[in-house]
Amino acid sequence: MVELVNVTMQYGSQVLFMDASLKINPGEKVGLVGPNGAGKTTIFRLILGEERPDEGSVERPKRLTLGYFRQDFADWRDASVLAETVAGAGAVAELSEELAKLEARLDDVDADDYDQVLERYGEVQARFQEGGGYDLDARARAILAGLGFSAEEVDGKVGALSGGWRMRVQLARMLLARPELLLLDEPTNYLDIESIVWLEGWLRDYAGAVLMTCHDRDVMNRVVRKIAEIDGGKIRTYTGDYDAYERARALDAAQREAEFDKQQAMLAKDLRFITRFKAQPSKASAVQSRAKKLEKIERVEPPKRMVERTFNFRKPDRSGNDVISLKGVTKRYGQRTVHDKLELLVRRGERWAIMGENGAGKTTLLKMMAGAVNPDGGDVTIGAAVSMGYFAQHNMEQLSGDRSVLEELDAHAPRAGQAVIRSLAGAFGFSGDDVDKPITVLSGGEKARLALAKMLYDAPNLLVLDEPTNHLDLTTKRALVKALSDYDGTIVFVSHDRAFLRALATRVVELAPGSCRIYQGSYDEYVQAMGREAPGLRQA
């Protein structure tokens, strides 16, 4: 269906692709992986025809329908969520608009033109019906409900939505259009677990092909059946889900390492022979023969090793046994009661996962724990010798745009010294020239890493984390999970990443408006007990 054939691309001195090839077959679900800057977005742009390769070709049918969901915002009209979603349905949406215009003309058209307009109306109506136009609104509402919109929000204005919810509208437009090939760039950013699970089911059942980048390991495992990895300008493909890819990649890496080591040993042996006997006339022929062999041999490239980041916590001071106590906590917004006489005790060393549907009060609970919001009733008590680190999205918003990464860390820890600051920056993925990047140009993931670096440097013995893995790539997530697993402190967190929940939670709080249920066990035990991965799961 779509094929990149021996594509070579270069930006300035950077070679992005060198004889790279990739084929996407009809109905295939493909995950696209690679480090930041490897060229994942460029692959999308090549397929869309927005860029052309320096060499090679991109082959695709002329009438192939494409949908591209990307991490930016479109110019929204002052329309309802439903109308904006339906407007993205491609040809069917255009036919709907033409039908409306033709209907208006039929009410006010000259008798001489009536038959002509009526004939056109019949043609458009037939095509509209054939394209599923009459159930367009119903399908749009089902998709929007799956992505977390209430019935009231579906009929509300797009302009009233936050950025994250506008991204959901943009995703809904792509899904409603049902193109033959969906290009999805991080579609789960800004989605809660309920919407992510719904999206997984939708994509699995989707008849078209999908090429997607995604930092959610569970989504990659459940949706894709082929992985395309960009590695050093080449594209390698692996059959299977993300776990299968990691196993196959590790095996490939071990094989390449063994081939390299074997050739290096052979080369070293021949070089020793040449060095030892090059001055002996009786060995001249043998020496010359080996020298020629070394000149002709095709050298095995030294294998690239996946760089695993490590976040090293300083050991925090020990807190008291009772870390946070909530007694009779009530919180209201207007007439809506979010928390009603909430009771909760967090003890030293526990890792609490806070779960609940949108509007259940997860972030509000964390804010009350952190002292950022006061309860309307009851008490929030922080225990003896507790030092808190609070991570939320506003941490990233408060980063100073005038400073570089290094300057931001230096201002946060002025007594640490340059060696410590650079080591801290490197642990969070800022190495080389990256430390001189101004904060204004950092991506969402880079800002999250910088905010985490500042917080974790302080070595608090209580971490309150609101969606800490948003925008983080899989490598950084893995490093963060390892660091938090080894962390000698208490954690209370909200996350929509099930791998993160699975790895860390030892207690689960399930919130509903005005109520709270506590599960004394891990996330997996919670799922087993409840028979679902999150509260309020919607049907695909």
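Note that this is a predicted model, so its numbers are computed, not measured.

(A) Main features of a negative patch on the surface. Taken together, the side chains of Glu103, Asp107, Asp108, Asp110, Asp112 and Asp113 define an acidic patch exposed on the protein surface. For the negative patch, the secondary structure elements donating two or more residues are helix 3 (91-107) and helix 4 (111-130). As for its position among the elements, Asp107 is in helix 3. For Asp107, a relative accessible area of 72% puts it in the exposed group.

(B) Structural detail: the packing of aromatic side chains. Evaluated as defined, the whole model comprises nine aromatic pairs. With a centroid separation of 5.0 Å and 25° between ring planes, the pair formed by Trp202 and Tyr206 is classed as stacked. What makes Trp202 buried here is its relative accessible area of 11%. For the ring pair Phe273 and Phe277, a centre distance of 4.8 Å and an interplane angle of 55° mean the geometry is tilted. Pair noted here: Phe273 and Phe277 are both in helix 10 (residues 242-277), with a separation of four residues, about one helical turn. Among the residues examined, Phe273 registers a relative accessible area of 16% and is labelled buried. Of the aromatic side chains, those joined through ring pairs into one cluster are Tyr238, Tyr242 and Tyr245. Between Arg168 and the ring centre of Trp165, over which it is positioned, the NZ or CZ distance is 3.9 Å. The ring centre of Phe273 lies 3.9 Å from the NZ or CZ of Arg290, which sits over that ring.

(C) Examining the packing of helix 5 (residues 136-146) against helix 8 (residues 193-205) more closely. The geometry of helix 5 relative to helix 8 is characterised by a closest axis approach of 8 Å and an angle of 135° between their N-to-C directions. When the interaxial angle is binned, helix 5 and helix 8 end up oblique. On helix 8, the residues that touch Ala142, Ile143 and Gly146 of helix 5 are Ser195, Trp198 and Trp202. Residue classes in the contact of helix 5 with helix 8 are distributed as four nonpolar, two polar and no charged.

(D) Molecular detail of the pattern of salt bridges. Taken as a whole, this structure holds 36 salt bridges when the rule is applied. Residue Asp231 pairs with Arg249 through a salt bridge whose shortest N-O separation is 4.0 Å. Of this pair, Asp231 sits in strand 8 (residues 226-231) while Arg249 sits in helix 10, placing them 18 residues apart in sequence. Note on Asp231: relative accessible area 14%, which makes it buried. With a relative accessible area of 12%, Arg249 lands in the buried category. Between Asp486 and Lys482 there is a salt bridge whose closest N-O contact spans 3.3 Å. Taken as a pair, Asp486 and Lys482 lie in helix 17 (residues 474-486) at a separation of four residues, close to a single helical turn.

(E) Up close: the pairing of strand 8. In terms of burial, strand 8 is largely enclosed, as six of its six residues are buried. Alternating residues of strand 8 divide into Lys226, Ala228 and Ile230 and Ile227, Glu229 and Asp231, and every residue in both groups is buried. Direction of pairing for strand 3 (residues 29-33) relative to strand 8: parallel, over a ladder of four bridges. Bridge pairing in strand 8 links Gly31 to Ile227. Pairing of strand 8 with strand 9 (residues 234-239) involves six bridges; the strand directions are antiparallel. Its bridge partner being in strand 9, Ile227 is matched across the sheet by Tyr238. Here strand 8 folds back onto strand 9, and the loop between the two strands holds two residues, one of which, Gly232, carries a positive phi near 60°.

Analysis parameters
Here the residue numbering is sequential within each chain, running from 1 through the sequence in written order. Where totals are concerned, whole chains, interfaces and linings use all residues; where local detail is concerned, this predicted model gives features only for residues with pLDDT of at least 70, and gives and counts side-chain atom pairs only at 80 or more. Computation of side-chain values covers all heavy atoms of the structure but excludes hydrogens and water. Two joining distances apply to patches: 9 Å for like charges and 5 Å for nonpolar side chains (Val, Leu, Ile, Met, Phe, Trp, Tyr), and every residue must have over 30% relative accessible area and no salt bridge. Reported accessibility uses the Shrake-Rupley method at a 1.4 Å probe radius. Residues are deemed covered only where the shown protein chains occlude them. Definition used for salt bridges: Asp or Glu carboxyl oxygen within 4 Å of a side-chain nitrogen of Lys or Arg. His residues and chain termini do not enter the charge count, which takes Lys and Arg as positive and Asp and Glu as negative. Charge positions are represented by NZ for Lys, CZ for Arg, CG for Asp and CD for Glu. By definition, any uninterrupted DSSP run of H or I lasting at least four residues is a helix, any uninterrupted run of E lasting at least two residues is a strand, and each is numbered from the N terminus. Accessibility here uses a 1.4 Å probe with only protein chains present; expressed as a share of the type maximum, an area under 20% marks a residue as buried, one over 50% as exposed, and anything in between as partly exposed. Put simply, two rings from Phe, Tyr or Trp (the six-membered ring, in Trp's case) pair if the centres are within 6.5 Å, and we call them stacked under 30 degrees between planes, edge-to-face over 60, tilted for the rest. In this scheme, Lys NZ or Arg CZ marks a charge over a ring once it lies within 6 Å of the ring centre and within 35 degrees of the ring normal. Axis lines are fitted through C-alpha atoms, for helices just across the contact stretch, and the angle between N-to-C directions can take any value from 0 to 180 degrees. Each angle receives one of four descriptions, namely roughly parallel if under 35 degrees, roughly antiparallel if over 145, roughly perpendicular if within 65 to 115, and oblique otherwise. Should any heavy atoms of two residues lie within 4.5 Å, those residues are considered in contact. Each residue is assigned to one class: nonpolar for Ala, Val, Leu, Ile, Met, Phe, Trp, Tyr, Cys and Pro, charged for Asp, Glu, Lys and Arg, and polar for all the others, Gly among them. When DSSP locates at least two bridges between a pair of strands, those strands are taken to pair.

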